[in-house]
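# What the coordinates show
Here's the letter readout for the chains.
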Amino acid sequence: MVRFTKMEGIGNDYVYVDNFSEQLPEERFSALARAVSDRHFGVGSDGLIVLLPPTQPEHDLRFRMFNSDGSESEMCGNGMRCFSRMAYDRGLVQKTRFRVQTGAGTIIPELLLDAGGQVTAVRVDMGEPRLRRQEIPMSGPDADRVLGERLELDRVSYTFTAVSMGNPHMTVFLDEDPDTVPLEQIGPGLEHHPLFPRRINVHFAQVLSRGEIKMRTWERGAGITLACGTGASAVLVSAVLLGLTDRSALIHLPGGDLALEWRESDNHVYKTGPATYVFTGTFEQPF
């Protein structure tokens, strides 16, 4: 039996386990992720996120995230907002700004509180985007940036820009609404394209103005999701690199909106959005 909390960040829903109290062996996380994520026989989610004590000095918490297929990802922007709110509400941290150890390095969330001390939103310092080909990673000779590169899938050519936010992302910018893209058909092939040795998160985006973008996501290891925070960060960076938008933009995702800013002062991407509780319970199925 495992006690859990389900939370969502603009529709990106995860099962959260407080391993300060549960003390589940970490080698069981992958199996638990597959079991709880099943929307018929489990809780139903895009994956599992676990709150853990840090193993590195000068960190307050440790974040581990597993997709619905049991594979581990380095980071999740929407998940980090919910993780941070849950940690604060449970008293695991007393500060409103703290350091979290993740597979993508140190992430620093900041909780925004109302007059009563309740969390209203979370701003996450997503860190610096990684732009070199080997950092994404992609096969082929290393290059400073992957801008307007082409790949072919099923005799269709796609022009994309690639960015890592600690996990890999490719963005295809469109003139038309991304809702017209048959994402469920082409997403798996793009995710597993041989150009990407660790697979890739796939985004189709339409620039609506210098400060507004609409996007849809095929998430590595999870499929179509309503939102992707690291993906929204990568889409903004890609748009700025291509000269399509300003450095701040409102990103419209199927589950809701995120405010993104890529600051020149420190080269970090900052993402602000909600973190919402759904329910708590105990998971009693074997895994």
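These lines cover the structure that appears in this document, whether it is placed above or below. In this text the structure is predicted, and so the values were computed from the model without any measurement. (Residues numbered from 1 in each chain as written. Predicted model: local features only at pLDDT ≥ 70, side-chain atom pairs only at ≥ 80, totals over all residues. Heavy atoms only, no water.)

Scanning the entire structure with this criterion turns up five aromatic pairs. Taken together, a centroid distance of 6.0 Å and an interplanar angle of 75° make the contact between phenylalanine 29 and phenylalanine 66 edge-to-face. Highlighted residues: phenylalanine 29 in helix α2 (residues 29–37) and phenylalanine 66 in strand β4 (residues 61–67), separated in sequence by 37 residues. Taking the relative accessible area as the measure of exposure, phenylalanine 29 reaches 0% and is therefore buried. With a centroid separation of 6.0 Å and an interplanar angle of 70°, the aromatic rings of phenylalanine 160 and phenylalanine 196 are classed as edge-to-face. (Phe/Tyr/Trp six-rings, centres within 6.5 Å; stacked < 30°, edge-to-face > 60°. Helix = DSSP H or I, 4+ residues; strand = E, 2+ residues; numbered from the N terminus. Buried < 20%, exposed > 50% of the residue type's maximum accessible area, 1.4 Å probe, protein only.)

The next point concerns helix α3 (residues 77–89). It helps to recall that an α-helix has 3.6 residues per turn; residues three or four apart then point in one direction. Its 13 residues place the ends of α3 19 Å apart at the C-alpha level, agreeing with the 18 Å of an ideal helix rising 1.5 Å per residue. Along α3, the residues that are buried comprise Gly77, Asn78, Gly79, Met80, Arg81, Cys82, Phe83, Ser84, Arg85, Met86 and Ala87. Glycine 91 sits one or two positions beyond α3 and adopts a positive phi of about 80°. (Expected span 1.5 Å × (residues − 1).)

Relative to the helices and strands, valine 207 is located in strand β12 (residues 201–209). A residue is classified by how much of its surface remains accessible, and valine 207, at 28% relative accessible area, is partly exposed. With 18 residues separating them along the chain, valine 207 and threonine 225 place their C-alpha atoms 20 Å apart.

That is the geometry; function is a separate question.
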